[in-house]
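If you want the building blocks of each chain, they are given just below.
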Amino acid sequence: MKNRELADIFTEMASFESLEESENARFKTRAYQKVAGILDSLQEDIAEIYKKGGVKALMEIPGIGKAIAEKIEEYLTTGKIAKYEEYKAKYPIDFKELTKIEGIGTKTALSLYKELGIKNIADLKDAISRGEISKLPGFGEKSEELLDKGIKQLESSKGRLLLSEALPVAEFIVERLRKSGLAEKVEIAGSTRRMRDTIGDIDILAIGTSSSEIMDLFTGLEDVERTVVKGPSKTTVYLKIGTTCDLRVIEPGSFGAAMQYFTGSKDHNIQVRKVAINKGYKLNEYGLYDRAGNMVSGVGEQELYNKLGMDWIPPEMRENRGEIELAMKHKLPNLIQYSSLKGDFHTHTKDTDGSNTLEEMVEYARKYGLEYIATTNHTKSLKVARGMDEARFSEYFSKVDRLNEELGKDFHILKGAEVDILKDGSLDLDNKTLGDMECVVASVHSNFNMAKDEMTKRVTTALESGYVNILGHPTGRLINERPPFQIDLEKVAESAESNNVVLEINAFPTRLDLKDTDIMLTSKFRVNYAIDSDAHNISHYSVLKYGIGTARRGWLEPGRVVNTFHLDKALRMLKK
Ligand code: DGT
Ligand code: CA
Ligand code: CA
Ligand code: ZN
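Residues numbered from 1 in each chain as written. Chains lettered and ligands numbered in written order. Predicted model: local features only at pLDDT ≥ 70, side-chain atom pairs only at ≥ 80, totals over all residues. Heavy atoms only, no water.

## Structural notes on the coordination of the zinc ion (ligand 4)
Stage number 1. Protein coordination at the zinc ion (ligand 4) comes from Glu 418 (OE), His 445 (NE2) and His 473 (NE2), with a distance range of 2.1 to 2.3 Å.
Stage number 2. As a motif over one chain, the donors of the zinc ion (ligand 4) read E-x26-H-x27-H. Residue Glu 418 is found in strand β13 (residues 412-420), and its partner His 445 is found in the loop between β14 (439-443) and α20 (452-464); the two are separated by 27 residues along the sequence. (Donors = N, O, S within 2.8 Å, 3.2 Å for Na, K, Ca; no water. Helix = DSSP H or I, 4+ residues; strand = E, 2+ residues; numbered from the N terminus.)

See below:
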């Protein structure tokens, strides 16, 4: 799919554009950022949309105007965008690489280039080692240290992609193989099937009579950059998204055993094999065998688990965290299902840092099958997001009332905010405004570097205010970019329990916060959860599946997830 390539180009174009002085440039910067976000989470292949309806079809996607549509066309037809090439020549800076470091935005990258000729991370590391950054005006020793830390953090996460980068490509490959008619069966395995938050490489298994034709099709796919090894039973390619993908063609009689083996995790498999040995069996990726060497099971994964005296274990749980014992006792939890969400409590609009109007956000929520959303724009302290003050909220909510009236029984918009939890634990809006809202999501967006007990106190103080319904992205992590802040989640859960505050599982794929193990840790308390998209544009509802995957990895049942319920019950569960 070209979606991601184009999204990356537009992100870079936005960086370039933000360096231009004109008034027009600011507008263009936002337009490029917006389209990058849309392309990033667009489910359909942009090339397909263009093939079917040309520039006109591209312009039908909300947020894509004529100028952008023409640039997309230019790229799809010529493989280049002239304006982009022009900018790359003008600014020989690797913005994409440099801005991945926490603390470096486009402007900082540009001044580092102008002052010290820094073009990429390697140059930056040199400059740091020579102590040059601390001597720059406006930088100092503290910022040099932070940049150094940022580089280390980035390097330690190298090589693992976000689930949201890997899964769509894995699904696309599976779809192509299935449609070809060459393969009888094609399935995703590995960490992608387990919905892990990051992915080392993609694993796909297939059954088919002509393995050489399947492998030829695979290595020829447009997502493939190059072939690493090509063989009849296993082929590895390097994908354009920056990771490898293994395709294995399996004998039909072994498909279930292979699915079990290659889904992993490794720790889960080791434990399952122990169970097999205890029962006098031998287990490998070809099948389950008795002492005489006869195959007991191999075709189906479910049967294999059953033969070992276990219930079939959902892939998301296969991490050797106690699931095997539960499966033997037939006591596995009844996990929340992928299609079970009825609403979304955390969405933004273009009134702050979102890309779409409330009307558009509602229209797409309905298309997505939701029955309600909370509109939760940022509050005044968050200046970068043009956060709203009390007066703007009041005006905004009159509009929400009008829209709700038009929508009638079909859909409901909850009046809310994503209110900043300030340094001292107070909330960034007055009590009257907060009291009038139906859904207050409270989040930490600043001063991440507090000591653990201070941060815990800050957050629990906010929960005790009596105005908070949901604690937003409770640890503040940004996967591969920023570690979670120091916080005692058990204390937070205890406070959430006594103040009836719901904990968020933020589904945005860079966050997935709470993460799986945090959910397991906090769910010992009597707290409920909300799986929220944190949508900043219309296509972001599609990220909810990553939140559900994370909830399943945290063993959650639907009864504890507030937005699996219809509006009335959900509201009762949110009530203070
Ligand atoms: P990743 O790719 O790092 O995100 O994680 P996985 O889990 O996809 O790991 P990968 O691709 O290395 O291998 C796929 C599965 O194959 C893994 O989950 C379990 C199985 N596997 C790989 N190596 C071993 C091993 O040495 N022992 C056992 N029991 N299973 C293994
Ligand atoms: Ca893998
Ligand atoms: Ca692999
Ligand atoms: Zn937030």
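## A short note on empty space enclosed by the protein
Stage number 1. Evaluated as defined, the whole model comprises 2 cavities of 30 Å³ or more.
Stage number 2. Considering only enclosed or pocket space, the largest cavity measures out at about 60 Å³ in volume.
Stage number 3. What lines the largest cavity is simply Ala 257, Gln 260, Tyr 261, Asn 269, Arg 273, Leu 283, Asn 284 and Glu 285.
Stage number 4. Per-element tally for the lining of the largest cavity: the top contributor is helix α13 (residues 255-263), with 3 residues. (1 Å grid on protein atoms, 1.4 Å probe; cavity = no way out; pocket = protein on both sides within 12 Å on 5 of 7 lines; lining within 4 Å. Points joined across faces, edges and corners; volume = space filled by probe spheres on them.)

## A few points about the domain arrangement of the protein chain
Stage number 1. What the domain assignment lists for the protein chain is domain 1 (3-90), domain 2 (95-156), domain 3 (161-249), domain 4 (264-328) and domain 5 (343-574).
Stage number 2. Just the C-alpha atoms count here: the centres of domain 3 and domain 4 sit 25 Å apart. (Domains from an automatic or database assignment.)

## Remarks on the sheet that holds strand β11 (residues 343-347)
Stage number 1. Taken in spatial order, the 7 strands make up an open sheet running β11-β12-β13-β14-β15-β16-β17, and their pairing is parallel. The two strands at the open ends of the sheet, each matched to only one other strand, are β11 and β17 (529-532).
Stage number 2. Sheet analysis places β13 next to β14, joined by 5 bridges and oriented parallel. Looking across to β14, one finds that Ala 417 is bridged to Val 440. (Pairing = 2+ DSSP bridges.)

## Some details on the pairing of strand β16 (residues 502-506)
Stage number 1. Extensive coverage of β16 is indicated by the burial of 5 of its 5 residues.
Stage number 2. What you see with β16 is no split at all: Val 502, Glu 504 and Asn 506 on one side and Leu 503 and Ile 505 on the other are buried throughout.
Stage number 3. Summarising the sheet, strand β15 (residues 470-471) and β16 pair through 2 bridges and their orientation is parallel. Its bridge partner being in β16, Leu 471 is matched across the sheet by Leu 503.
Stage number 4. Strand direction decides the pairing type here: β16 and β17, joined by 4 bridges, are parallel. Along β17, the bridge assignment pairs Asn 506 with Asp 532. (Buried < 20%, exposed > 50% of the residue type's maximum accessible area, 1.4 Å probe, protein only.)

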